[in-house]
Amino acid sequence: MTDTAVVAAEPVPLALAYHGRTKHTLKRYAAGPETLDWDMQPDPFRVFSGSAQTPLPLSAQGLAARFADLGMPGAVAPAPLTLASIGQLLELSLALSAWKELGPDRWAVRCNPSSGNLHPTEAYVLAAGVPGLADGVHHYLSRDHGLEQRCAATVPADGAARLWVGLSSIHWREAWKYGERAFRYCQLDIGHALGALRFAAAALGWTAQVVPGLDGKTLSALMGLDRAGDFSGVEREDADVLLAIGPPCRPATAPPVGLAAGAWAGRANRLDPHPLYRWPIIEEVSRATAPSGAMSVPATPVVYPPPHPAGDVLAEDVLRNRRSAQRFDSRFSMSMADFFGLLDALLPRDGAPWDLWPNDPRVHPVLFVHRVEGLAPGLYALPRHPRAVPALRAALRADFTWAPVSGAPAHLPLVRLVEADTRGVARTINCHQAIAGDSCFALSLLGEFAPLVEPEPWRYRHVQWEAGLLGHVLYLEAEAIGLRGTGIGCFFDDALHELLGLGTLQFQAIYHFTVGRALVDDRILTLPAYPGRSPDAPVAEPTP
């Protein structure tokens, strides 16, 4: 049990205090468990016993969309909204992508990444008028690639099939390993899941937009998370967000009245029968930052040219084969064109995934460049909106040069802050992890912080969703060019802030990431995600 008192009670002070107390420092890590029993890891799959199950087909392999088309509105013809296409949506976003084996150990990996592969994010499908699927609320069980019907409802037919996907978090899955910092990781995972769903929807020619106007209480009711009896004695779920998904030209409206008002069935399983720790601050910050229903602020869009194409690689191959690199080839240098292409993909545009919500970008990369052909090693910055440039320049060190980068596309707002060998400092700041220095480049995603959180504490979640979304773009773009990335949640927050000259809470490091050529352990066997339903044979994962 943690004995640190929760001093702040009001939402804004509590959110800021939580962020401060969960920073890792060079002298100590944030409060977490003193020991881990890996044999007692929480169950990675939530199941609702007593719910009717609907298997989903596995048919994403037949999709012809190219990855380069996903960010181009109208490039992919819309698929009809059916049970089969819902199966494809989930297969490419939240499903298992493989099973791994090493000796006696066996674990699953998924299309959507997660801190420590712990996967706190759960998904709920709300459907009306979809051929082959009963109206109501369904829980997506990734283990089986199927839907468990939680609520059977009947809604008036209007001639159009409609689909929504809600996301929730089981904080204990992360807290079991990471302690108090887990809430931050859960929010980053929501950002990754949002990105995964948006790209998968684009592969079907669909849009995916956050439904505005839904507060935490309403979201919980829509997903059935407020049903105390169904979660009695087990780990609860925290409602995060609802997406409206389907063919273009449909507004992101809330589900019709009555979709979640029918007969409910199913009882949630217990994931950890013997928890050793409790972290009360997680529940406190969850309440303090609960969704308010407001998602957008006045935006001042910037028009960028179409992004650098990623060749003819199929979207299905990129979305399903995404992996987190465990080690990088420290001798490999990536091309300048690939580097600029990755950064260009982080600029907001009209298509996927940036059309999830109509907000100005609030997260800006600071890059530790190690090995990019033709580019001097050093510290660089990529302000993702012109509005942020004056604030960043005022907040960062006064001796940074802010020099334009020779050879960069004219529209790419990349600047060099200082020329230096940053491999050692990148390793140190990222909890002494070699992947931060052995990669081609590492980055810190700086979020606009106190100016957002103080007036609206729910934006504490939102800035981390945006950082997770950026991380997901980097994962997929790296995969498309034959490289790999790794998200890094463990870093020394204020050591980085000191390095950059940040002395206030105006900007804070939210998420770290690194990209390079992966070194793969060929002892690990890669097996099919759904062996009973797939003809694929076990194969050893090839080295990129």
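Residues numbered from 1 in each chain as written. Predicted model: local features only at pLDDT ≥ 70, side-chain atom pairs only at ≥ 80, totals over all residues. Heavy atoms only, no water.

### As for the layout of surface pockets
Piece 1. Quantified by volume, the largest pocket comes out at close to 1,500 Å³.
Piece 2. Residue lining of the largest pocket: 50 residues in total, with Trp107, Gly116, Asn117, Ser324 and Gln326 positioned closest to the centre.
Piece 3. For the lining of the largest pocket, the elements supplying multiple residues, two or more each, are β3 (96-102), β4 (105-110), α3 (171-178), α4 (182-203) and β18 (484-488).
Piece 4. With six residues, β4 is the largest single contributor of residues to the lining of the largest pocket.
Piece 5. Residues belonging to the lining of the largest pocket are distributed by class as follows: 23 nonpolar, 15 polar and twelve charged.
Piece 6. Space inside the second largest pocket adds up to approximately 790 Å³.
Piece 7. Around the second largest pocket, the lining comprises 29 residues; the ones closest to its centre are His171, Glu235, Arg236, Glu237 and Glu283.
Piece 8. Going through the elements one at a time, α3, α5 (216-223), β10 (238-246) and α6 (280-288) are the ones with two or more residues in the lining of the second largest pocket.
Piece 9. With five residues, the single largest contributor to the lining of the second largest pocket is α6.
Piece 10. Of the residues contributing to the lining of the second largest pocket, the split by class is twelve nonpolar, six polar and eleven charged. (1 Å grid on protein atoms, 1.4 Å probe; cavity = no way out; pocket = protein on both sides within 12 Å on 5 of 7 lines; lining within 4 Å. Points joined across faces, edges and corners; volume = space filled by probe spheres on them. Helix = DSSP H or I, 4+ residues; strand = E, 2+ residues; numbered from the N terminus. Nonpolar A, V, L, I, M, F, W, Y, C, P; charged D, E, K, R; others polar.)

### Let's talk about unusual backbone geometry
Piece 1. That bond from Ala352 to Pro353 is cis: its omega, 0°, falls within 30 degrees of zero.
Piece 2. The phi dihedral of His119 is positive, around 50°, even though this residue is not glycine.
Piece 3. Along the chain, the position of His119 falls in the loop between β4 and β5 (121-128).
Piece 4. Phi is positive for His432, close to 65°, though the residue is something other than glycine.
Piece 5. Here His432 shows up in the loop between α10 (423-429) and α11 (435-438).
Piece 6. Overall, the relative accessible area of 52% leaves His432 in the exposed class. (Buried < 20%, exposed > 50% of the residue type's maximum accessible area, 1.4 Å probe, protein only.)

### Topic: the pattern of salt bridges
Piece 1. For the structure on display, the rule yields 32 salt bridges.
Piece 2. Bridged by salt links that share partners, the residues Asp360, Arg362, Arg387 and Glu448 form one connected network. (Salt bridge = Lys/Arg side-chain N within 4 Å of Asp/Glu carboxyl O.)

### Notes on the sheet that holds strand β14 (residues 378-381)
Piece 1. Taken together, the seven strands give an open sheet; going across it, the order is β15-β16-β14-β13-β17-β19-β18, and neighbouring strands pair in antiparallel fashion. Among the strands making up the open sheet, the edge pair consists of β15 (403-404) and β18.
Piece 2. The pairing of β18 with strand β19 (residues 507-516) spans five bridges and is antiparallel. Paired with Gly485 across the two strands is Val515, which belongs to β19.
Piece 3. This element, helix α8 (residues 336-344), spans β13 (363-369), β17 (441-448) and β19 of the sheet and lies at about 160° to β13. (Pairing = 2+ DSSP bridges. Contact = heavy atoms within 4.5 Å. Axes fitted to C-alpha atoms, helices over the stretch in contact; angles between N-to-C directions.)

### What about the environment of Leu499?
Piece 1. On the secondary structure map, Leu499 appears in helix α14 (residues 493-500).
Piece 2. A C-alpha to C-alpha distance of 12 Å links Leu499 and Phe368, two positions 131 residues apart in sequence.

### A short note on the side chain of Ser85
Piece 1. The residue Ser85 is located in helix α2 (residues 83-91) in this model.
Piece 2. Only 2.8 Å separates the side chain of Ser85 from the backbone oxygen of Pro80, close enough to count as a polar contact.
Piece 3. Among the polar contacts made by the side chain of Ser85, one reaches the main-chain amide nitrogen of Thr82 at a distance of 2.8 Å.
Piece 4. Ser85 has contacts with Pro80, Leu204 and Trp206, leaving out every residue within four places of it along the chain. (Polar contact = N/O pair within 3.5 Å; in protein donor to acceptor, adjacent residues only side chain to side chain.)

### Points about the packing of aromatic side chains
Piece 1. By the definition in use, this model includes 14 aromatic pairs.
Piece 2. Where Tyr18 meets Phe183, the ring centres are 6.0 Å apart and the plane angle is 85°; that geometry is what we call edge-to-face. Of this pair, Tyr18 sits in helix α1 (residues 11-21) while Phe183 sits in helix α4, and the two are 165 residues apart along the sequence.
Piece 3. Overall, the relative accessible area of 0% leaves Tyr18 in the buried class.
Piece 4. Here Phe183 falls in the buried class, since its relative accessible area comes to 0%.
Piece 5. Seen from their ring centres, Tyr178 and Tyr185 are 4.9 Å apart, and the 90° between their planes marks the pair as edge-to-face.
Piece 6. Residue classification places Tyr178 among the partly exposed positions, given a relative accessible area of 23%.
Piece 7. Overall, the relative accessible area of 4% leaves Tyr185 in the buried class. (Phe/Tyr/Trp six-rings, centres within 6.5 Å; stacked < 30°, edge-to-face > 60°.)

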